[in-house]
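Here is how the chains run, residue by residue.
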Amino acid sequence: MFEAELRSVEQQILQRLEAAGTPPPGTLAFAPIPYAGQWGVGSPICFQAAAAEAKAGRPGRVPARAAELAERVA
C-alpha cells in the first residue's frame with residue numbers, strides 16, 4: 001500500500017541529502033507512526049546521516065546537524 005508514493009518520497013529525500021553534501025547512510029526504511037486516529041510514516045535517515053558524518057570527522061553535534069538536514073529535506 002502506498003509503495004509508489006514511498007519510493008517517490010525516498011528518492012526526493014536522497015536527492016536533498018545529496019544536495020546538502022551528505023551521502024545517505026545505507027538504506028532508507030520507513031516505520032509507521034500512528035497517532036490518535038491519524039497515521040503516517042517516519043524514518044531516522046537524517047539522524048543516521050548526521051551520525052555518519054560525525055564518524056567521518058565532521059565537527060559539530062549530531063542532533064543539531066540532524067535537525068538541519070531534516071529542515072533541508074522537508
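Note that the coordinates shown come from a computational prediction; the quantities given were computed from them, not determined experimentally.

With respect to the environment of A67
Stage number 1. Residue placement: A67 occurs in helix α3 (residues 62-73).
Stage number 2. For the pair A67 and E53, spaced 14 residues apart in sequence, the C-alpha to C-alpha distance is 14 Å.

Looking at α3
Stage number 1. The terminal C-alpha atoms of α3, which comprises 12 residues, lie 16 Å apart, in line with the 16 Å expected from a rise of 1.5 Å per residue.
Stage number 2. Where α3 is concerned, the buried positions are V62, R65, A66, L69 and V73. Relative to the axis of α3, the buried residues are bounded by an arc of 100° and lie together on one face.
Stage number 3. Where α3 is buried, its residues contact α1 (3-19) and α2 (45-55).

Some remarks on α2
Stage number 1. Buried residues of α2: I45, C46, A49, A50 and E53, and no others. Down the axis, α2 shows its buried residues gathered within 135° of arc, on one side only.
Stage number 2. Of the surrounding secondary structure, the elements contacted by the buried residues of α2 are α1 and α3.
Stage number 3. Looking one or two residues beyond α2, the residue adopting positive phi is G57, at roughly 105°.

Focus on the nonpolar core
Stage number 1. Counting 12 residues, the largest nonpolar core consists of I13, L17, A20, L28, I45, C46, A49, A50, V62, A66, L69 and V73.
Stage number 2. Where this core is concerned, the elements lending two or more residues are α1, α2 and α3.
Stage number 3. The contact partners of V62, leaving out residues within four places of it in the chain, are F47, A50, A51 and A54.

The rules behind these values
Residues numbered from 1 in each chain as written. Predicted model: local features only at pLDDT ≥ 70, side-chain atom pairs only at ≥ 80, totals over all residues. Heavy atoms only, no water. Helix = DSSP H or I, 4+ residues; strand = E, 2+ residues; numbered from the N terminus. Expected span 1.5 Å × (residues − 1). Buried < 20%, exposed > 50% of the residue type's maximum accessible area, 1.4 Å probe, protein only. Arc of directions from axis to C-beta. Contact = heavy atoms within 4.5 Å. Core = buried A, V, L, I, M, F, W, Y, C linked by side-chain atoms within 4.5 Å.

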